[in-house]
Amino acid sequence: AQKSFAGILVLCAQGYGEDALIITRALLEQSINISFIKTDPAKLVWDFSDHETAVKAYQVSNWERKEVPQGFNMAEWKEMNEETREWIEQQGRDPDRFMTKKGRLKNYWSGKSIRKMAKEVGLEWHYDNVYWLCCNFSHSNTIGLNNYVDSDDNSITFQSSPSTNFILQALV
């Protein structure tokens with residue numbers, strides 16, 4: 001989290017508030033997850049860890065089912081797959097409880113959305129205001145994308161130079 005916050009400060013100092021919002025989102029997600037884990041650490045720390053195992057198992061499954069992208073080093077691909085498989089076996093945990101009946105990965109490690117966790121730990125305002133804004137930039141929704149565009153009747157221009165836009169919001 002300290003590294004993320006430092007990245008936000010650097011981006012804001014350089015006039016890249018929109019990009020800093022993307023890291024702000026990640027930092028807020030970390031805060032919500034950690035705060036939620038603290039509500040029942042004996043159980044939730046294992047759920048969080050087991051979900052990582054499930055994510056990696058799902059990743060390996062995808063690697064095995066899909067064709068290697070053109071230009072990707074097959075040796076590196078196989079090595080990543082084997083390292084991940086070994087890591088999963090070393091954990092000795094059951095990742096299957098995070099899978100749906102159709103073999104897809106469940107979206108939430110806790111069984112609750114990030115919004116529900118935020119509400120339970122008293123961070124609902126942050127979710128509804130800060131997180132919502134940050135997501136618009138992370139996903140390039142209209143609000144996020146339109147802040148990079150100037151248009152008139154004849155043209156559309158993409159703005160990529162530094163500005164003071166969203167500096168304050170990124171630092172909330």
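Residues numbered from 1 in each chain as written. Predicted model: local features only at pLDDT ≥ 70, side-chain atom pairs only at ≥ 80, totals over all residues. Heavy atoms only, no water.

> So, the packing of helix α1 (residues 2-13) against helix α2 (residues 17-37): which residues are in play, and what are the values?
For the pair α1 and α2, interaxial distance at closest approach is 8 Å and the crossing angle is 165 degrees. Put simply, α1 runs roughly antiparallel to α2. Considering only the axes of α1 and α2, their crossing is left-handed. On α2, the residues that touch Ser4, Phe5, Gly7, Ile8, Leu11 and Cys12 of α1 are Gly17, Asp19, Ala20, Ile23, Thr24, Leu27 and Gln30. (Axes fitted to C-alpha atoms, helices over the stretch in contact; angles between N-to-C directions. Helix = DSSP H or I, 4+ residues; strand = E, 2+ residues; numbered from the N terminus. Parallel < 35°, antiparallel > 145°, perpendicular 65-115°, else oblique. Left-handed = near helix turned anticlockwise from the far one by under 90°. Contact = heavy atoms within 4.5 Å.)

> Which residues make up the confidence of the model for the chain, and what are the values?
For any part of a model where pLDDT is low, the fine detail of the predicted coordinates should not be relied upon. Overall, the predicted model of the chain reaches an average pLDDT of 86, with 98% of residues at or above 70. By mean pLDDT, helix α4 (residues 74-91) is the weakest element of the chain at 74, and helix α5 (residues 114-120) is the strongest at 97. (pLDDT = per-residue confidence, 0-100.)

> Can you explain the nonpolar core? Please cite residues and give values.
Proteins that are soluble and globular tend to have nonpolar side chains buried together. Membership of the largest hydrophobic core comes to 25 residues, with the highest contact counts inside it found for Leu21 and Ile32. Elements that contribute at least two residues to this core include exactly α1, α2, α5, α6 (124-138) and α8 (167-170). Setting aside its immediate chain neighbours within four residues, Ile32 contacts Ile114, Met117, Ala118 and Leu123. (Core = buried A, V, L, I, M, F, W, Y, C linked by side-chain atoms within 4.5 Å. Buried < 20%, exposed > 50% of the residue type's maximum accessible area, 1.4 Å probe, protein only.)

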